[in-house]
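# Reading the structure
Residues per chain are reported as follows:
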Amino acid sequence: TCEVKHLDAAAETTRVETSQVSEGDTLNPFWGETHNVEPWCEGESLEFTVYDKGLVASKTEGKAVLPPDLFFPQGFSGMIAISGLPHALLHVIVRPLGPSG
């Protein structure tokens, strides 16, 4: 998942979920998905959570946080460390689209 860490604690949760990877190299999954994450406000981080989806429930494997100064306004393409998984990295591409509406 990718969740906006809103500065306003009362703000409604903004989260998108990727599809489950069940084919190919599931130990090194590739999603290749594009999502629009809205609303997002300048100064808010993005938090990525990696789950291991079992037959009965999902277990959180780790989290990675991308601070706003790394992707706004110029965008970001690169690897970020996943806490909880010492040798794992998550490759993300973030492209701010500008104000909507």
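Everything below is about the structure printed above this text.
What comes next concerns the included structure. (Residues numbered from 1 in each chain as written. Predicted model: local features only at pLDDT ≥ 70, side-chain atom pairs only at ≥ 80, totals over all residues. Heavy atoms only, no water.)

## Focus: the overall build of the chain
- In terms of helices and strands, the chain carries one helix and six strands.
- Across the chain, helices and strands are ordered from the amino to the carboxyl terminus as β-β-β-β-α-β-β.
- Against the 2.2 N^0.38 benchmark of 13 Å for 101 residues, the chain shows a C-alpha radius of gyration of 14 Å, consistent with a compact globule.
- Taking the principal axes of the C-alpha coordinates as reference, the chain spans close to 40 × 30 × 25 Å.
- Per-residue burial over the chain gives 27% buried out of 101 residues.
- Carbon and sulfur atoms make up 53% of the accessible area of the chain, which amounts to about 7,400 Å² in all. (Helix = DSSP H or I, 4+ residues; strand = E, 2+ residues; numbered from the N terminus. Rg over C-alpha atoms; globule rule 2.2 N^0.38 Å. Buried < 20%, exposed > 50% of the residue type's maximum accessible area, 1.4 Å probe, protein only. Areas by Shrake-Rupley, 256 points an atom, 1.4 Å probe, with all protein chains shown as cover.)

## Some details on the pairing of strand 6 (residues 89–94)
- Every second residue of strand 6 is oriented toward a common face, the buried set being Leu-90, Val-92 and Val-94 and the non-buried set Leu-89, His-91 and Ile-93.
- Bridge analysis of strand 5 (residues 76–81) against strand 6 gives six bridges, and the strand direction is antiparallel. Among the inter-strand pairings, Ser-77 is bridged to a residue of strand 6, identified as Ile-93. (Pairing = 2+ DSSP bridges.)

## What to know about the environment of Asp-69
- Within the secondary structure, Asp-69 is located in helix 1 (residues 68–71).
- Owing to a relative accessible area of 56%, Asp-69 belongs among the exposed residues under this scheme.
- Spatially, the C-alpha atoms of Asp-69 and Val-4 are 14 Å apart, while their sequence positions differ by 65 residues.

## Some words on the packing of aromatic side chains
- Applying the stated rule across the entire model yields two aromatic pairs.
- Seen in terms of ring centroids, Trp-40 and Phe-71 are 5.5 Å apart; in terms of plane orientation they differ by 55°. Their pairing is tilted. Residue Trp-40 is found in the loop between strand 2 (14–16) and strand 3 (45–53), and its partner Phe-71 is found in helix 1; the two are separated by 31 residues along the sequence.
- A relative accessible area of 3% means that Phe-71 is categorised as buried.
- Arranged with centres 5.1 Å apart and planes meeting at 50°, the rings of Trp-40 and Phe-72 form a pair that is tilted. Residue Trp-40 is located in the loop between strand 2 and strand 3, and its partner Phe-72 is located in the loop between helix 1 and strand 5; the two are separated by 32 residues in the primary sequence. (Phe/Tyr/Trp six-rings, centres within 6.5 Å; stacked < 30°, edge-to-face > 60°.)

## Observations concerning the sheet that holds strand 2
- Strand order across the open sheet formed by four strands is 2-1-3-4, with antiparallel pairing between neighbours. In this open sheet, the two strands that pair with only one neighbour each are strand 2 and strand 4 (58–66). On average, each strand axis in the sheet is inclined to that of its neighbour by 25°, with strand direction left out of account.
- Inspection of the sheet shows strand 1 (residues 2–5) paired to strand 2 by three bridges, in the antiparallel sense. In the sheet register, Glu-3 faces strand 2, and the bridge partner there is Arg-15. (Axes fitted to C-alpha atoms, helices over the stretch in contact; angles between N-to-C directions.)

Without other data, these values stay purely geometric and don't point to any function.
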